[in-house]
Amino acid sequence: MSRVGTADASEKSAPFEGAPTEETASFAGTRAGTGTSADAHVTPGAPGTPGTGEEEAPLSGIPRQPPPAAPAPPSGTTPAPAPGRSPVRTRSLLGSPLRSLPRPWRLLPTPTGTPFTFGYTLLLVATSLFAEYADPGLVYALLQASSTDVEHLAQAPLLVLVASALWLAGGMTSAYALAFLFVLTALERRVGALRTAAVFFGGHAIATLATELPVGAAVALGHLPADSLQRLDYGVSFGVMACMGALTGLLPPWARWPLLAAVTWFAVDSLLVSGDPVSDSGHLLALVLGVLAWPLLRRRGPREPAIVSARC
């Protein structure tokens, strides 16, 4: 082959320096088509041009990129809310006047916050109204059938233990009725309905049995007359005293010990001067039972005819 022919062949086969090859030209064309080529001409005001306010077209095959962060506002100014969003109002908990006001309604039972105390209170109100306005003979017969005396405890202990806690001997304005309302509400708000019911009925049952069984023994030994076996004994005072003792263990020390000392003094004084030592000794025993329940309550998991007892 002649030298001239060789040169022609070389010119056809070897591209000059800097000329794009077929592959690079294809890639450059792709970049130019997407608007990212360095040599691509950008027309001002065209879609995708920065500063025009129009959204940039997404790249084919590439995930959408997040929009650029807005520049930080100057110090001392309030940033403007994002388009389409209403500004969020913040409230300072420390400066809120509602946080500093007392909430006296929490002292009373509610159907959602203290369901046990609320339902029990309605039941006691109903039985108290019945005892106030019903026939006196019928009321006395029901009270006698609900009494936790020795005779009834020997015949149907479970029935009378429950029935005796459905009545208020002193009515709805008695001291134990008011204590029931506030003490059980405070206790239930701290430990829940189940443990409050357990403390109340546990103190009621244990204190009743502990005071009535010695009466039966004294009658059997001849130290008390036989009519002591049928003494009228009903009310919620044993359960209230047990809940009072349990509640003091959940209070801060500055309130726990003065309250416990005051309730203890009341129980001891009533025992010394009262004419019904059986019931008053049960009040002191129920208070002690409530104090003994402190470790269990602090453990976290996931409110008169015949001989009438002084119990309310």
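Here, every reference points to the structure presented above.
In this report, the structure presented in the accompanying data block is examined.

## What about the nonpolar core?
- Core analysis: the biggest nonpolar cluster contains 37 residues, and Y120, F180, F200 and V236 have the highest contact counts within it.
- The set of elements that each furnish at least two residues to this core consists of α4 (115-133), α8 (175-191), α9 (193-221), α10 (237-248), α11 (253-273), α12 (277-292) and α13 (294-298).
- In terms of residue count, α8 provides more of this core than any other element does, 9 residues in total.
- Apart from the residues lying within four places of it in its own chain, the contact partners of F180 are Y120, T121, L124, T185, F200, V236 and V240.
- Ranked by size, the runner-up nonpolar core spans 5 residues in total, among them V139, L143, W167 and L232.

## Quick look at the side chain of S270
- Mapped onto the fold, S270 is located in helix α11.
- What makes S270 buried here is its relative accessible area of 16%.

## Things to note about the packing of α8 against α9
- One can describe the packing of α8 onto α9 by two numbers: an axis separation of 7 Å at closest approach and a directional angle of 135 degrees. Looking at the two axes, α8 sits oblique to α9. Both α8 and α9 take part in a crossing whose hand is right-handed. Facing F180, L184, L187, E188 and V191 of α8, the residues of α9 in contact are A193, R195, T196 and F200.
- Residues of the contact of α8 with α9, tallied by class, amount to 6 nonpolar, 1 polar and 2 charged.

## Let's talk about the packing of aromatic side chains
- One pass over the full model with this rule turns up 8 aromatic pairs.
- Aromatic pair Y120 and F180: ring centres 5.1 Å apart, planes at 80 degrees, arrangement edge-to-face. Here Y120, found in helix α4, pairs with F180, found in helix α8; they are 60 residues apart in sequence, far enough to count as distant.
- Y120 sits in the buried class, given a relative accessible area of 6%.
- On the numbers, 5.9 Å between centres and 65 degrees between planes, the contact of W257 with W294 is edge-to-face.

## Examining α11
- In a regular helix each residue adds 1.5 Å, so 21 residues correspond to 30 Å; α11 covers 30 Å between its end C-alpha atoms and thus fits that length.
- Three or more residues of α11 are buried, namely A255, R256, L260, V263, A267 and S270. Buried residues of α11, seen end-on, are gathered within an arc of 115 degrees and therefore sit on one face of the element. Pointing more than 90 degrees away from the buried face of α11 are the exposed residues P253, W254, W265, L272 and V273.
- At its buried positions, α11 is contacted by α10, α12 and α13.

## Side note on the packing of α4 against α9
- One can describe the packing of α4 onto α9 by two numbers: an axis separation of 8 Å at closest approach and a directional angle of 50 degrees. Put simply, α4 runs oblique to α9. Residues P115, F116 and Y120 of α4 touch α9, and the partners they reach there are A193, T196, A197, F200 and F201.
- Here the contact of α4 with α9 is composed, by residue class, of 7 nonpolar, 1 polar and no charged.

Conventions used here
- Here the residue numbers are simple positions, counted from 1 along each chain's written sequence.
- Residues qualify for local features only when their pLDDT is at least 70, as the model is predicted, and side-chain atom pairs are given and counted only at 80 or more; totals for whole chains, interfaces and linings, by contrast, use all residues.
- Calculation of side-chain values draws on the structure's entire complement of heavy atoms; hydrogens and water are dropped beforehand.
- Only buried residues count toward a nonpolar core, which is a set of Ala, Val, Leu, Ile, Met, Phe, Trp, Tyr and Cys residues joined through side-chain atoms within 4.5 Å.
- Working definition: with a 1.4 Å probe on protein chains only, accessible area under 20% of the residue-type maximum means buried, over 50% means exposed, and in between means partly exposed.
- Strands here are runs of E lasting at least two residues and helices are runs of H or I lasting at least four, both read from the DSSP assignment and numbered beginning at the N terminus.
- Two residues form a contact once any of their heavy atoms are found within 4.5 Å.
- Whenever a helix is involved, its axis is fitted only over the stretch in contact; in every case the axis is a line through C-alpha atoms, and angles between N-to-C directions fall within 0 to 180 degrees.
- Angle categories: roughly parallel below 35 degrees, roughly antiparallel above 145, roughly perpendicular from 65 to 115, and oblique for all the rest.
- Here a crossing is called left-handed whenever its near helix is offset anticlockwise from the far helix by less than a right angle, and right-handed whenever the offset is clockwise.
- Note on residue classes: Ala, Val, Leu, Ile, Met, Phe, Trp, Tyr, Cys and Pro are nonpolar, Asp, Glu, Lys and Arg are charged, and everything else, Gly too, is polar.
- Think of it this way: a Phe, Tyr or Trp ring, Trp meaning its six-membered ring, pairs with another when their centres are within 6.5 Å, and the plane angle makes it stacked under 30 degrees, edge-to-face over 60, tilted otherwise.
- Under the convention used throughout, the expected extent of a helix is 1.5 Å for every residue step, that is, one less than its residue count.
- Taken from the helix axis, the directions to the C-beta atoms give the arc we talk about.

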